[in-house]
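Architecture and fold: a report
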Amino acid sequence: MVVVRFRRALAEAVGSSGWHAALEATPRELFVGDAVYQADRSRGDLWTPVRRAEIDEDDWLSLVYADTTWVTQVDGTLAEEAKGPVTGAPSSSSTLPSLVVRMLEAAEIGEGDTVLEVGTGTGYSTALMCRRLGEDAVTSIEYDPAVAERARTAIAHAGHAPTLVVGDGLHGHANGTGYDRLICTCSVRTIPSAWLEQTRPGGTITAPMWGWLDGVASAHLTLDDAGTASGRFLKQGWYFMRARTHLPPPRPPIATGIGQARESRIDPATLDDEAALFVAQLAVPAAQRSSADQTTILLDVSTGSRADVSPAPGGGWIVHQHGPSRLWDAVEEAVLLWQEHGSPHQSAFGLTATRERQYVWLGDPTGPTWDLPA
């Protein structure tokens, strides 16, 4: 069959020995559905549905089996239901298979493991795990009922019947405590305490973390006998759409040039480096970042604190700060400390999570630390 050729080509392109058979056996077309969205390059928020019924079947299979992420839902509207182009932000997608496999490998999932997957999405990764581990070993939770129902149908048509739950995956699934692996296919701001309770000692939690300043890193933690999870961030990171309950609050209109002024000790362009942005976020986890012209702006909606940094007429940069928290002071201190340690990648940092506290550390747990808003 033609579709078998496409599956085999995808499996070869991904190049994973452990997941090769599952990739060859899993029909991605079931999980992509009968339509996907393509972005309009002239407008980042405009999405046009591409329907299976309107293009040649080989062209559709080429699209489906490309190692590409396909958006399947925008602001709650599935591509199959769209009557034309829609505007908004993606709310569900079929992630490129190579990234799915890299995450499964990073989570060290293998035969004999029981897995709790947070974020069923289209159900493709769920089906891959069912194929390799057996459906009885897989539990998956999806927040959005429409997305969950669509995934349930696709997984069933693929021949699997894992435990599928509709609910907030940040609460886990208490009926199946003692999982060997917990893997999250949405991005979180902190590690939920329920995950610590539902993963067995010696088990692992693997999750992409995406904070409000847009700093990202992928955590891979191991549980000890006391229920503490600890581990380093991975060298090869990724991130998915944020968990909906971990989204940042709406930002009000921002005025600049307000508050006390002084010379900045760092170039705000430093935050264009992913590791630097990650470090800055550790210092101001409730802040959000935006820009206007040549001005970098930080805003903490909860306290009303703000900072803006602009080029000074004679060279350097001027920062204005207003509110109870001096956001740029905290960012400077963290970034300068990071630079003193050689400006390392996020994988030089680690995370320790208990029921009472979560903190990121540099080097090892006895090094510099920053508390997360757990």
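Here goes a summary of the coordinates provided. Keep in mind it's a predicted model, so treat the numbers as computed, not measured.

Comments concerning the pattern of salt bridges
A full pass over the atoms with the stated rule returns 17 salt bridges. When the shortest N-O distance is used, the salt bridge between Glu-54 and Arg-51 registers 3.8 Å. One salt bridge in this structure joins Asp-144 and Arg-244, with 3.2 Å as the shortest N-O distance. Of this pair, Asp-144 sits in the loop between strand E8 (138-142) and helix H7 (145-157) while Arg-244 is found in the loop between strand E13 (229-232) and strand E14 (260-263), placing the two residues 100 residues apart along the sequence. According to the relative accessible area criterion, Asp-144 is buried, its value standing at 10%. Shared partners join several salt bridges into a network, and the residues in it are Arg-262, Arg-265, Asp-329 and Glu-332.

Topic: the environment of Glu-135
Tracing the sequence through the fold places Glu-135 in the loop between helix H6 (124-133) and E8. Along the chain, Glu-135 and Ala-89 lie 46 residues apart, while their C-alpha atoms are 32 Å from each other. Of note is the side chain of Glu-135, whose polar atom sits 2.8 Å from the backbone nitrogen of Ala-161.

Description of the packing of aromatic side chains
Counted under the stated rule, the structure contains five aromatic pairs. Seen from their ring centres, Phe-31 and Tyr-124 are 5.9 Å apart, and the 65° between their planes marks the pair as edge-to-face. Taken together, the positions of Phe-31 in helix H3 (residues 28-32) and Tyr-124 in helix H6 put the pair 93 residues apart, joining distant regions of the chain. Comparing Phe-31 with Tyr-124 shows no difference in burial state: the two are buried. Here the aromatic residues Phe-233, Phe-278, Phe-349 and Trp-370 are joined through ring pairs into a cluster of three or more. Just above the ring of Phe-6 sits the side chain of Arg-5; from NZ or CZ to the centre is 4.9 Å.

Here we look at the sheet that holds strand E20 (residues 358-362)
Strand order in the open sheet made by the 10 strands is E9-E8-E7-E10-E11-E12-E13-E19-E20-E21, with mixed pairing throughout. Single-partner strands in this sheet number two, and they are strand E9 (163-166) and strand E21 (369-371). Shown here is a sheet whose adjacent strand axes are inclined to one another by a mean of 20°, direction ignored. Pairing geometry for strand E10 (residues 179-184) and strand E11 (residues 199-210), over four bridges, is parallel. Of the residues in E11, the one forming a bridge with Ile-183 is Thr-206.

Overview of the nonpolar core
Side chains of a nonpolar character, in soluble globular proteins, are inclined to be buried together. Membership of the largest hydrophobic core comes to 53 residues, with the highest contact counts inside it found for Ile-191, Trp-195, Phe-233, Trp-328, Val-331, Phe-349 and Leu-351. The greatest single-element share of this core, amounting to seven residues, is contributed by helix H9 (residues 274-283). Contacts of Leu-351, omitting those with residues within four sequence positions, involve Ile-191, Met-209, Ala-219, Leu-221, Ala-229, Ser-230, Gly-231, Phe-233, Tyr-359, Val-360, Trp-361 and Leu-372. Core analysis: the next-biggest nonpolar cluster, separate from the first, contains 42 residues, Trp-70, Ala-127, Ala-137 and Ala-158 among them.

Digging into the pairing of E20
With five of five residues buried, E20 is to be regarded as a mostly interior element. Here E20 shows two buried faces, one formed by Gln-358, Val-360 and Leu-362 and the other by Tyr-359 and Trp-361. Judged from the five bridges that link them, strand E19 (residues 349-353) and E20 form a sheet pairing that is antiparallel. Within the sheet, the bridge partner assigned to Phe-349 lies in E20 and is Leu-362. In terms of strand pairing, E20 meets E21 through three bridges, oriented antiparallel. Residue Val-360 lies in a different strand from E21, and its bridge partner there is Trp-370. Taken together, E20 and the strand that follows it, E21, pair antiparallel across an intervening segment of six residues, in which Gly-363 is found at a positive phi of about 90°.

Structural notes on H6
Of all 10 residues making up H6, eight are buried, and the element is well covered by its neighbours. Among the residues of H6, those classed as buried are Tyr-124, Ser-125, Thr-126, Ala-127, Leu-128, Met-129, Cys-130 and Leu-133. One or two positions beyond H6, positive phi appears at Gly-134, with a value near 100°.

A word on the packing of H9 against helix H10 (residues 327-340)
Running from N to C, H9 and H10 cross one another at 135°; their axes reach a closest spacing of 8 Å. When the axes of H9 and H10 are compared, the pair comes out oblique. In this structure, H9 crosses over H10, and the sense of that crossing is right-handed. Here H9 contributes Ala-275, Ala-276, Val-279, Ala-280 and Ala-283 to the contact with H10, which in turn contributes Ala-330, Val-331, Ala-334, Val-335 and Trp-338. Per-class residue counts for the contact of H9 with H10 are 10 nonpolar, no polar and no charged.

A word on the side chain of His-220
The residue His-220 is located in strand E12 (residues 216-223) in this model. One polar contact links His-220 to Thr-206, side chain to side chain, over a distance of 2.8 Å. Excluding residues that lie within four positions of it along the chain, His-220 makes contacts with Ala-106, Ala-107, Glu-108, Thr-204, Ile-205, Thr-206, Ser-230, Gly-231, Arg-232 and Leu-234.

Some remarks on the packing of helix H5 (residues 97-106) against H6
Between H5 and H6, the shortest axis-to-axis distance is 11 Å and the interhelical angle comes to 55°. On the basis of their axis angle, the class for H5 and H6 is oblique. Handedness of the crossing formed by H5 with H6: right-handed. Contacts between H5 and H6 pair Pro-97, Val-100 and Leu-104 from the former with Tyr-124, Ser-125, Leu-128 and Met-129 from the latter. Of the residues assigned to the contact of H5 with H6, the class counts are six nonpolar, one polar and no charged.

Cut-offs and rules
Residues numbered from 1 in each chain as written. Predicted model: local features only at pLDDT ≥ 70, side-chain atom pairs only at ≥ 80, totals over all residues. Heavy atoms only, no water. Salt bridge = Lys/Arg side-chain N within 4 Å of Asp/Glu carboxyl O. Helix = DSSP H or I, 4+ residues; strand = E, 2+ residues; numbered from the N terminus. Buried < 20%, exposed > 50% of the residue type's maximum accessible area, 1.4 Å probe, protein only. Polar contact = N/O pair within 3.5 Å; in protein donor to acceptor, adjacent residues only side chain to side chain. Phe/Tyr/Trp six-rings, centres within 6.5 Å; stacked < 30°, edge-to-face > 60°. Lys NZ or Arg CZ within 6 Å of the ring centre and 35° of its normal. Pairing = 2+ DSSP bridges. Axes fitted to C-alpha atoms, helices over the stretch in contact; angles between N-to-C directions. Core = buried A, V, L, I, M, F, W, Y, C linked by side-chain atoms within 4.5 Å. Contact = heavy atoms within 4.5 Å. Parallel < 35°, antiparallel > 145°, perpendicular 65-115°, else oblique. Left-handed = near helix turned anticlockwise from the far one by under 90°. Nonpolar A, V, L, I, M, F, W, Y, C, P; charged D, E, K, R; others polar.

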